[in-house]
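Chain residues, written in single-letter form:
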Amino acid sequence: MFINVNINLVVEEAPTYAVGHFALGYILAKLASKITKTKVNVALIFTLSVIPDVDILIPYVVHRGPFHSAIMASIVFIPIFVLYHKNALPYFIAIIHHSLIGDYIAGGKVQLLWPLTQQPFGLELSIKSPANITIEWLSFLIATFIMIKTKDAHLILQPHNSNLILAIPTFTVLLPTFLAFPLEVPTALIPPHIIFLIFFLVSLSIDLKNIFRPCKIPMAK
């Protein structure tokens, strides 16, 4: 008796690099805020733009599965829309773009319609291709221009407790990217990754310094 065993090895390419998610999420969220005439918390926008990728850190959870589902993201945001109405739209755009645009275009396929189906969707453009690297660089430059022009970059560097949420993308996405061996990020995309990392770390250090700053007690006369 012969037993035929078929082993399929599937090599999954890494997701779109953090630079593209940060930049596109910010650009689209700012556009949504301009259309709805609402203000946004930039630190929260950056965090939501990469939050689906926390599935990489969760055991037994398929990457680009439930956490990348457009259906699940929509369900989660239903009560948020009920409470905040149009003010919630930029944040919804920030998180939904991750799967619908970033991961759909590059790096493989994503289960957009989970749990209705586990069928993956995507164009499968290689994230290491010149086309994707160009897209990520253009997105980064446009986002940087908008941040400087709207003074969002300045706001991020001001003491505010809400900026502490940047610890999530910093320690779950950016730092692990540089600690991985071998380094998966193409050399061409290392500079914008470093810029985002430094930007977030400086913001966090400013907030932490403000929190732990000793209070001055006025001396009695």
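Residues numbered from 1 in each chain as written. Predicted model: local features only at pLDDT ≥ 70, side-chain atom pairs only at ≥ 80, totals over all residues. Heavy atoms only, no water.

### Details of unusual backbone geometry
Moving on, step 1. The amide bond that connects W114 to the next residue, P115, takes the cis arrangement and shows omega of 10°.
Moving on, step 2. For P115, the position within the fold is in the loop between α4 (89-105) and α5 (130-149).
Moving on, step 3. Here Y60, not a glycine, exhibits a phi torsion of approximately 70°, which is positive.
Moving on, step 4. Residue placement: Y60 occurs in the loop between α2 (42-50) and α3 (70-84).
Moving on, step 5. Positive phi outside glycine occurs at E124, with the angle close to 60°.
Moving on, step 6. In this structure, E124 sits in the loop between α4 and α5. (Helix = DSSP H or I, 4+ residues; strand = E, 2+ residues; numbered from the N terminus.)

### Topic: α4
Moving on, step 1. End to end, α4 covers 22 Å across 17 residues, agreeing with the expected 24 Å (1.5 Å per residue, within 8%).
Moving on, step 2. The largest bend in α4 is about 50°, located at H97.
Moving on, step 3. Taken as a whole, α4 has its buried residues at P90, Y91, F92, A94, I95, I96, H97, H98, S99, G102 and D103.
Moving on, step 4. Contacts made by the buried residues of α4 are with α1 (18-36), α2 and α3. (Expected span 1.5 Å × (residues − 1). Bend = angle between axes of the 7 residues up to and from the residue. Buried < 20%, exposed > 50% of the residue type's maximum accessible area, 1.4 Å probe, protein only. Contact = heavy atoms within 4.5 Å.)

### With respect to the confidence of the model for the protein
Moving on, step 1. On average, residues of the protein carry a pLDDT of 87, and 88% of them reach 70 or more.
Moving on, step 2. Element-level mean pLDDT values for the protein span from 89 in helix α7 (residues 167-179) up to 97 in α2.
Moving on, step 3. With pLDDT under 50 throughout, residues 1-15 is counted as low confidence; its partners more than four residues away or in other chains account for 16 contacts. (pLDDT = per-residue confidence, 0-100.)

### Brief notes about the packing of α1 against helix α8 (residues 190-211)
Moving on, step 1. Between α1 and α8, the least distance of the axes is 9 Å, while the angle of their chain directions is 65°. With respect to the hand of their crossing, α1 and α8 are arranged in left-handed fashion. Here α1 contributes A18, V19, F22 and A23 to the contact with α8, which in turn contributes P192, H193, F196 and F200.
Moving on, step 2. Residues belonging to the contact of α1 with α8 are distributed by class as follows: 7 nonpolar, 1 polar and no charged. (Axes fitted to C-alpha atoms, helices over the stretch in contact; angles between N-to-C directions. Left-handed = near helix turned anticlockwise from the far one by under 90°. Nonpolar A, V, L, I, M, F, W, Y, C, P; charged D, E, K, R; others polar.)

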